[in-house]
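Read off the chains here:
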Amino acid sequence: LPPLLFDAAFRQDVHQAGRIAPGILIITIFGVAVTAAGAGAVLPLLLGMPIAVGLLFGSIVAPTDPVAVVPIFRRLHLPAALSSTAEIESLANDGMALALYAVFLDLALGRLVDPASIGILFAKSVLGGVGIGVGLGLLFSRMTALVDDHLVEMTLSTALAYGSYLLAQSLGMSGALACVTAGLVHGSYGRSVGMSSNTRRLLDDLWEYLGFAANAVVFLLLGLTVDASNLVEHVGPILAVLAAILLTRGIVVGTALVVLPHRRIGIGPAAGLLLVWGGLRGALTAAMALALPEELVGRETLVAVAFGTVLLSLLVQGPTLPLLIRRLRLARDAPSP
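Described below are features of the structure shown in this document. (Residues numbered from 1 in each chain as written. Predicted model: local features only at pLDDT ≥ 70, side-chain atom pairs only at ≥ 80, totals over all residues. Heavy atoms only, no water.)

Details of the overall build of the chain
Item 1. Counting its regular elements, the chain contains 16 helices and zero strands.
Item 2. Intrachain contacts of the chain at a sequence separation of at least 6 include 81% that bridge at least 24 residues.
Item 3. Surface exposure of the chain reaches about 14500 Å², of which carbon and sulfur atoms provide 68%. (Helix = DSSP H or I, 4+ residues; strand = E, 2+ residues; numbered from the N terminus. Contact = heavy atoms within 4.5 Å. Areas by Shrake-Rupley, 256 points an atom, 1.4 Å probe, with all protein chains shown as cover.)

Here it is in structure tokens:
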């Protein structure tokens, strides 16, 4: 997880993020909750799974993955604000979904039984993870400023990504939020106080490569883990989950367009429709599914449906995005179809 999370955070344009972050955070909090509930209701309804397991699955398929989407946006020369919105929303979704994942996993395994303990664990996970990420991000940024050796600086950056994640996890807090926050701090404050132009370029290339490699490893593991016949057996739930995801995402983005001013989210109605269809599921969903403990009842089913949802999302939504972009006339210099 650290390379997947730190990559996008470190290379994020913080100035653009700062302008639309308040609105995106509202979308994220509302969106992850609605998606987790909507998609999480499918398996209990269709397969009779416990509600707690359904909510756990909902948190697995809640985060979006911009890895396949943003390159399309850039290739067709869409406004930079749209790419930033997709990336920032994904970062916030990742942290929130992983925090919910930790809570619902404990609930599904019978470790949490009362609402108070659930609320306390969630608050500790979110606030503690963010605090650790900010603290370590500032510390490692100042350490980077003290050296002028690109190999040492690359080592410090890698240690920050894994160290923030592992420290938060060991303390019962959100490693994902710690890693994302550390990446944002290191990629903004760290660049300004202690990185030469050469170091910035090398670290950008390093994290782009590590993020790519981590994505490849996750999908390789899925290919080795999931039985194709299991996918065919669960094609009904897979289609229902994808439909629930698109429906809940439409509700979330539509509500945001009505309630929030345009400047708070940086998109209009046409771009909102694009974000609904462009909310692909990817490596993080796959990684969370693979991380489910063996003792969890119905684990094989959850992994198969999660993988099927990711696969269908990438094969159906991804290839049709360019056509939708042109139909909505959002591409600046793309030829008409």
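Digging into the environment of Leu-210
Item 1. By the element assignment, Leu-210 lies in helix H10 (residues 197-225).
Item 2. Taking the C-alpha atoms as reference points, Leu-210 and Asp-7, 203 residues apart in sequence, are found 7.4 Å from one another.

Quick notes on the environment of Ser-174
Item 1. For Ser-174, the location among the structural elements is in the loop between helix H8 (150-170) and helix H9 (175-194).
Item 2. In sequence terms Ser-174 and Leu-100 are 74 residues apart; their C-alpha atoms lie 9.5 Å from each other.
Item 3. Ignoring anything within four residues of it in the chain, the contact list for Ser-174 reads Gly-95, Ser-125, Gly-129, Ala-168 and Gln-169.

Section: the pattern of salt bridges
Item 1. For the structure on display, the rule yields two salt bridges.
Item 2. A salt bridge links Arg-191 to Asp-204; the shortest N-O distance between them is 2.6 Å. With Arg-191 in helix H9 and Asp-204 in helix H10, this residue pair connects regions lying 13 residues apart in the sequence.
Item 3. Look at Arg-191 and you get buried, because its relative accessible area is 17%.
Item 4. Between Arg-299 and Glu-294 there is a salt bridge; the shortest N-O distance is 4.0 Å. (Salt bridge = Lys/Arg side-chain N within 4 Å of Asp/Glu carboxyl O. Buried < 20%, exposed > 50% of the residue type's maximum accessible area, 1.4 Å probe, protein only.)

Some remarks on the packing of aromatic side chains
Item 1. Taken as a whole and assessed by the stated rule, the structure comprises two aromatic pairs.
Item 2. For the ring pair Phe-6 and Phe-10, a centre distance of 6.0 Å and an interplane angle of 15° mean the geometry is stacked. Here Phe-6 pairs with Phe-10, and both are found in helix H1 (residues 2-10), just four residues apart, close to one helical turn.
Item 3. Take Phe-6: its relative accessible area is 0%, and that puts it in the buried class.
Item 4. Residue Phe-10 is classed as buried on the basis of its relative accessible area of 0%.
Item 5. Centre to centre, the rings of Phe-6 and Trp-207 are 4.5 Å apart; their planes meet at 45°, and the pair counts as tilted. One end of the pair, Phe-6, is in helix H1; the other, Trp-207, is in helix H10, with 201 residues separating them in the sequence.
Item 6. Joined through ring pairs, the aromatic side chains of Phe-6, Phe-10 and Trp-207 make up one cluster.
Item 7. Over the ring of Phe-10 we find Arg-191; its NZ or CZ atom is 4.6 Å from the centre of that ring. (Phe/Tyr/Trp six-rings, centres within 6.5 Å; stacked < 30°, edge-to-face > 60°. Lys NZ or Arg CZ within 6 Å of the ring centre and 35° of its normal.)

A short note on the nonpolar core
Item 1. If you look at the biggest cluster of nonpolar residues, it comprises 66 residues, and the most contacted ones within it are Phe-6, Phe-57, Ile-60, Leu-292 and Leu-302.
Item 2. The element contributing the most residues to this core is helix H6 (residues 80-108), with eight residues.
Item 3. Setting aside its immediate chain neighbours within four residues, Ile-60 contacts Tyr-101, Thr-285, Met-288, Ala-289, Leu-292 and Ala-306.
Item 4. Counting residues in each nonpolar core, the second largest holds 15 residues, with Leu-78, Leu-82, Ala-86 and Ala-271 among its members. (Core = buried A, V, L, I, M, F, W, Y, C linked by side-chain atoms within 4.5 Å.)

Some words on the side chain of Asp-65
Item 1. Assignment of secondary structure puts Asp-65 in the loop between helix H4 (51-61) and helix H5 (70-75).
Item 2. This buried residue, Asp-65, is left without a salt bridge; Arg-281 holds the nearest opposite charge, at 9.4 Å.
Item 3. One polar contact links the side chain of Asp-65 to the main-chain amide nitrogen of Ala-283, over a distance of 3.1 Å.
Item 4. When near neighbours in sequence (up to four residues on either side) are disregarded, Asp-65 contacts Ser-90, Asn-215, Leu-280, Arg-281, Gly-282 and Ala-283. (Lys, Arg positive; Asp, Glu negative; His and termini not counted. Polar contact = N/O pair within 3.5 Å; in protein donor to acceptor, adjacent residues only side chain to side chain.)

Thoughts on the packing of helix H15 (residues 283-290) against helix H16 (residues 299-327)
Item 1. Following both chains from N to C, one finds H15 and H16 inclined at 170°, their axes separated by 9 Å at the closest point. One element, H15, and the other, H16, form an angle in the roughly antiparallel class. Here H15 contributes Thr-285, Ala-289 and Leu-290 to the contact with H16, which in turn contributes Arg-299, Val-303, Ala-306 and Val-310.
Item 2. Taken together, the residues of the contact of H15 with H16 sort by class into five nonpolar, one polar and one charged. (Axes fitted to C-alpha atoms, helices over the stretch in contact; angles between N-to-C directions. Parallel < 35°, antiparallel > 145°, perpendicular 65-115°, else oblique. Nonpolar A, V, L, I, M, F, W, Y, C, P; charged D, E, K, R; others polar.)

Considering the side chain of Arg-249
Item 1. Residue placement: Arg-249 occurs in helix H12 (residues 235-259).
Item 2. Taking relative accessible area as the criterion, Arg-249 reaches 7% and is therefore assigned buried.
Item 3. Residues within four places of Arg-249 in sequence aside, it is in contact with Thr-64, Glu-89, Leu-275, Val-276, Gly-279 and Arg-281.

Observations regarding the environment of Pro-44
Item 1. Along the chain, the position of Pro-44 falls in helix H3 (residues 42-47).
Item 2. Overall, the relative accessible area of 15% leaves Pro-44 in the buried class.

Here's the deal with H8
Item 1. Here H8 contains 21 residues, and its C-alpha end-to-end distance of 30 Å stays within 8% of the 30 Å for a straight helix at 1.5 Å per residue.
Item 2. Of all the residues in H8, the buried ones are Glu-153, Leu-156, Ser-157, Leu-160, Ala-161, Ser-164, Tyr-165 and Ala-168.
Item 3. Capping the start of H8, Asp-149 holds a side-chain oxygen 2.9 Å from the backbone nitrogen of Leu-151, two or three residues further along. (Expected span 1.5 Å × (residues − 1).)

Nothing here speaks to function; it is geometry throughout.
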